[in-house]
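Observations on the model geometry
Chain by chain, the residues:
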Amino acid sequence: MTPTLLARQRTTTLLTLRAAATTAGKPTFRAAFPAAATAAAARPRPVYPAATVATTAATRRTMASFSTAGQAPHKLLMIPGPIEFDSEVLAAMATPATSHVDPGFIETFGATIELLRKVFYAPTGQPFVVAGSGTLAWDMTAANLVEPGDAVLVISTGVFGEWFGECLQVYGADVTFLRAPFGDRPSAAAIDAALRARPYKLVTVTHVDTSTGVLADVREVAGVVRSASPSTLLAVDGVCSVAAEPLRMEEWGVDVVLTASQKALGVPPGLAVLVASQRAVDVALNRKAPPAAYYASLKKLPIMKKYEARQPSYFATPAVQLVMALHRSLSQILAAPGGGDLTTRFAAHVAASDRAKGALEALGLRLVPVRREVAAHSLTAVRYPQGVRGPDLLAAVARRGVVLAGGLHPDHAAEYFRIGHMHISAVDAGHVDRAVAAVKEALE
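Presented here is a report on the structure given in the accompanying data block. (Residues numbered from 1 in each chain as written. Predicted model: local features only at pLDDT ≥ 70, side-chain atom pairs only at ≥ 80, totals over all residues. Heavy atoms only, no water.)

Applying the stated criterion to the full structure yields eight aromatic pairs. Judged by centre distance (6.1 Å) and plane angle (80 degrees), the ring pair of Phe105 and Tyr307 falls under edge-to-face. Here Tyr307 lies in helix H13 (residues 301-308) and Phe105 lies in helix H6 (residues 103-119), a separation of 202 residues in the sequence. Just as Phe105 is buried, Tyr307 falls in that class too. Seen from their ring centres, Phe160 and Trp163 are 5.3 Å apart, and the 75 degrees between their planes marks the pair as edge-to-face. Linking Phe160 with Trp163, this pair stays in helix H8 (residues 159-170), spanning three residues, or about one helical turn. (Phe/Tyr/Trp six-rings, centres within 6.5 Å; stacked < 30°, edge-to-face > 60°. Helix = DSSP H or I, 4+ residues; strand = E, 2+ residues; numbered from the N terminus. Buried < 20%, exposed > 50% of the residue type's maximum accessible area, 1.4 Å probe, protein only.)

Below is the structure:
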């Protein structure tokens with residue numbers, strides 16, 4: 001039996017046994033919530049434009065390999081991360097104890113680094129996969145690219161832009177924040193003016209700020225930076241955008257893109273993923289002051305290179321099982337027709353976003369982003385109706401089998417809630433429909 005067939009057989013057997021062990025005596029969603037299930041089944045579905053329907057149908061055919069089949073019954077997780085996970089990705093973690101220098105794992109880790117270049121559209125970029133949350137990737141950016149007193153422009157569209165700026169300040173950066181009103185983003189003209197007002201070593205922008213659901217136009221920002229200040233580095237926080245929103249790192253001239261495993265990459269939490277351009281690596285390796293961190297320094301660069309060369313190496317023990325899961329998920333993401341091009345996948349996220357936002361607006365709800373142009377496709381931030389308490393609505397939705405997230409922005413947290421729709425939930429329209437149906441029923 002080939003290794004591929006053996007792996008498939010192991011996955012099928014594992015999921016069958018797991019399902020038998022975990023579902024015994026537990027009610028199905030229909031049995032647990034008969035009224036909600038019956039109402040949802042009887043309710044007419046919204047009518048969408050033919051183009052959206054065609055895109056969604058094509059995407060389903062292309063990405064039909066994603067599935068939660070065999071998992072224990074659970075409430076549908078529709079927050080902006082962690083997200084629902086594919087069953088084969090979870091099965092990839094269910095391995096015996098494996099050494100981080102095992103030849104099989106070295107092959108998997110090396111292949112994972114190569115696959116990341118394709119997902120990030122960075123053929124000459126240097127990927128780093130490190131045990132930790134996405135926040136660690138902020139530290140890696142700051143510790144290696146910023147020296148005390150360096151000027152940094154932070155384009156902020158919410159809480160995560162603010163926190164990235166705070167992280168940079170910890171490492172001695174002289175940070176200037178360029179902000180927009182809640183639910184909006186700074187204009188290209190404002191960014192251009194800021195860059196021409198003084199020199200900056202680094203510009204940061206959050207592609208999708210999960211706290212507001214606002215989408216930055218990274219391609220436009222990169223063009224402004226190249227035009228106004230070509231020597232300035234550009235770092236993109238892509239935690240809620242990588243593999244969901246178009247982000248062509250090398251083509252657009254981005255120097256750092258960072259993300260975390262539990263969002264659109266479709267892997268349980270625990271991995272910080274960062275890809276650096278060769279220019280960024282050169283800046284980090286030729287700094288005047290030593291890096292202000294140990295674990296977050298680019299001391300891992302030789303380690304990543306050795307793993308990619310299929311050679312055993314060691315700096316800190318990698319999260320072996322999570323790396324295996326990441327390899328499986330990246331392989332699935334890149335398996336779509338098109339030779340690894342993610343255009344169809346991005347279209348799936350647009351279709352899911354349109355479906356969610358259109359249905360919620362049909363209920364009379366208002367979005368947090370001030371216009372659709374600045375609204376992310378990986379999540380929807382929507383305001384509570386007048387007179388509705390957030391905790392009451394979210395609890396009522398949870399009783400209907402769906403988990404949503406409350407607001408996060410400290411000045412507006414009680415005003416809105418958030419629905420995540422990325423990866424599996426962007427492909428399976430049933431996830432979006434269930435979430436919207438639960439909101440509708442909870443409001444009735």
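Text resumes after the structure shown.
Close approach of charged atoms lets side chains of opposite charge pair. Scanning the model with the defined rule gives 20 salt bridges in all. For Glu308, the salt bridge identified is with Arg117, shortest N-O distance 2.5 Å. On the criterion of sequence distance, the pair formed by Glu308 in helix H13 and Arg117 in helix H6 is long-range, its members being 191 residues apart. A salt bridge links Arg179 to Glu162; its shortest N-O distance comes to 2.8 Å. With Arg179 in strand S4 (residues 174-179) and Glu162 in helix H8, the pair connects residues that are 17 residues apart, well separated along the chain. Where salt bridges share partners, they join Asp184, Arg185, Arg371 and Glu373 into one cluster. (Salt bridge = Lys/Arg side-chain N within 4 Å of Asp/Glu carboxyl O.)

Within the open sheet, the three strands sit side by side as S11-S14-S13. Their pairing is antiparallel. Both outer strands of the open sheet, strand S11 (379-383) and strand S13 (405-406), are each paired with one neighbouring strand and no more. Sheet topology note: the S13/strand S14 (residues 416-420) ladder contains two bridges and is antiparallel. Bridge assignment links Ala405 to a residue of S14, and that residue is Arg418. Against the sheet, helix H15 (residues 343-362) contacts S11 and S14, and its axis sits at roughly 15 degrees relative to S11. (Pairing = 2+ DSSP bridges. Contact = heavy atoms within 4.5 Å. Axes fitted to C-alpha atoms, helices over the stretch in contact; angles between N-to-C directions.)

Ranked by size, the top nonpolar core spans 105 residues in total, and within it Val119, Phe120, Phe128, Leu168 and Leu195 carry the most contacts. Considering every element that reaches this core, the biggest residue donor is helix H14 (residues 320-333), with eight residues. Once you skip the residues sitting within four places of it in the chain, Leu195 turns out to touch Leu153, Tyr200, Val203, Val224, Val225, Ala228 and Ser229. By size, the runner-up hydrophobic cluster in this structure holds 23 residues, among which are Leu76, Phe417, Ile419 and Ala438. (Core = buried A, V, L, I, M, F, W, Y, C linked by side-chain atoms within 4.5 Å.)

What follows covers the pairing of S14. Strand residues, when the strand is regular, have side chains that alternate between the two faces of the sheet. Most of S14 is tucked away: five of the five residues are buried. Taking every second residue as pointing to the same face, both faces of S14 are buried, with Tyr416, Arg418 and Gly420 on one and Phe417 and Ile419 on the other. Two strands pair when backbone bridges link them, and S11 and S14 are joined in this way by five bridges, in the antiparallel orientation. Bridge pairing in S14 links Val382 to Phe417.

Turning our attention to the sheet that holds strand S3 (residues 151-156). Taken in spatial order, the seven strands line up as S2-S10-S9-S8-S5-S3-S4 in an open sheet, and their pairing is mixed. Only two strands of the sheet have a single partner each, and these edge strands are strand S2 (126-131) and S4. The average angle at which neighbouring strand axes cross in this sheet is 20 degrees, direction not considered. Contacts from H8 reach S3, S4, strand S5 (202-206), strand S8 (233-237) and strand S9 (256-260), with the element oriented near 170 degrees to S4.

Our focus in this paragraph is unusual backbone geometry. A cis geometry characterises the amide bond from Gly81 onward to Pro82, with omega recorded as 0 degrees. Mapped onto the elements, Pro82 comes out in the loop between strand S1 (76-77) and helix H5 (87-93). Phi is positive for His423, close to 55 degrees, though the residue is something other than glycine. Secondary-structure assignment places His423 in the loop between S14 and helix H17 (424-427).

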